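The lines below spell out each chain.
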Amino acid sequence: MKIRTLTAGLLAACLALTACGKEGGPSDGGDGGNGNGDTAALSYEVAEDVTVEGSPTFDQMKKTGHVVVGVKDDQPNLGYKDPTSGEYSGFDVEIARLISAKLGFDPKKIEYKAVPSAGREQAIINGDVHYYVGTYTINDKRKQQISFAGPYFVAGQGLLVAKDNEDIKGKDDLKGKKVCSVSGSTPIQNVRDEGLHQPGGEIVELQTYSQCVSELLNGQVDVVTTDDAILLGYAAQQPDELKVVGEPFTEEPYGVGLPKEDDALRDKVNDILEEAMEDGTWQEIYDATLGKSGTQAEMPEIDRY
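Residues numbered from 1 in each chain as written. Predicted model: local features only at pLDDT ≥ 70, side-chain atom pairs only at ≥ 80, totals over all residues. Heavy atoms only, no water.

Draft legend 1. Spotlight on the sheet that holds strand β8 (residues 157–162). Sheet architecture is open: five strands sit in the order β10-β9-β11-β8-β12, paired in mixed fashion. A strand with exactly one partner marks an edge of an open sheet, and here the two such strands are β10 (202–206) and β12 (242–245). Recorded for the sheet is a direction-independent mean angle of 30° between the axes of neighbouring strands. Bridge analysis of β8 against strand β11 (residues 223–227) gives four bridges, and the strand direction is antiparallel. Looking at the pairing, L160 lines up with V224 of β11. Of the strands in this sheet, β8, β11 and β12 touch helix α8 (residues 228–237), which is tilted by about 130° from β11. (Pairing = 2+ DSSP bridges. Helix = DSSP H or I, 4+ residues; strand = E, 2+ residues; numbered from the N terminus. Axes fitted to C-alpha atoms, helices over the stretch in contact; angles between N-to-C directions. Contact = heavy atoms within 4.5 Å.)

Take a look at the structure:
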């Protein structure tokens, strides 16, 4: 198998996609920070005179005059940072921009902070980010520490292997294999809890999915497992080297991570997401980002717990 560097593959991905705001500051350009391509047509009217009574997080946004959003930066079509321009693009990024606009803050002024999976809860608890949008599966364990709005998308756990791999066709073929995923992620816990890699297998935990994909391309692991939406982005950028196999074997509802006691902001974000699903905005965002992989998706129902 011809090995290509992950950096080169992802750079090509970003050139084919679009860009949003830069980490640590606002995005530039007259198209709302979208760059070029399909997302250049996406724009969100900034709401005026927004109030969220009883939300300390919203009060902090108003005080500082801008929004700090936690994101992923290495997931093509979801949350990806262009290594050259520093700009962000993807489905999650567009959802973050939509929420910002509906809260009354210009999306061009978003400050993006890339936070790895293992650090998400603490970043929210510490107030390092106002909200987090980055393939963040809603589950009861996380609800003990933070709150969720959504879900705004439902993925399923999948498997990414080398294009010439004929041994792994689904989760039942993981026994005895080296399985890579990210520390603190739901997929790695699923593999461990269900013993999918046993007997004789090994779990490799790294900080980012791009590191796992690099290990796969270099033959150091047999398979990368995480949400199918993430894996399809990687496979689409290096179709001669990678492929997604099998059927999704879990449900992963993506939510917007928020401070635990801020019920007022959670209700407001749920309203924003629900409106986007009803007026067609959600579908426009999907078609311009995740939909580029050729997959179809259904809009989930908001869980107002």
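Draft legend 2. Region of interest: the sheet that holds strand β4 (residues 88–89). Taken in spatial order, the three strands line up as β2-β3-β4 in an open sheet, and their pairing is antiparallel. Each of the sheet's edge strands pairs with one partner strand only, and the pair in question is β2 (74–75) and β4.

Draft legend 3. Region of interest: the pattern of salt bridges. Within this structure, the stated rule accounts for eight salt bridges. Linking K171 and E194 is a salt bridge whose minimum nitrogen-to-oxygen distance equals 4.0 Å. Here K171 is found in the loop between β8 and β9 (178–182), whereas its partner E194 is found in helix α6 (residues 186–194), with 23 residues between them in sequence. For the salt bridge of E205 with R192, the shortest nitrogen-to-oxygen distance reads 2.7 Å. In this pair, E205 is assigned in strand β10 and R192 in helix α6, connecting sequence segments 13 residues apart. Looking at R192, the relative accessible area reads 36%, which means it is partly exposed. Connected via shared salt-bridge partners are D271, E274 and R304. (Salt bridge = Lys/Arg side-chain N within 4 Å of Asp/Glu carboxyl O. Buried < 20%, exposed > 50% of the residue type's maximum accessible area, 1.4 Å probe, protein only.)

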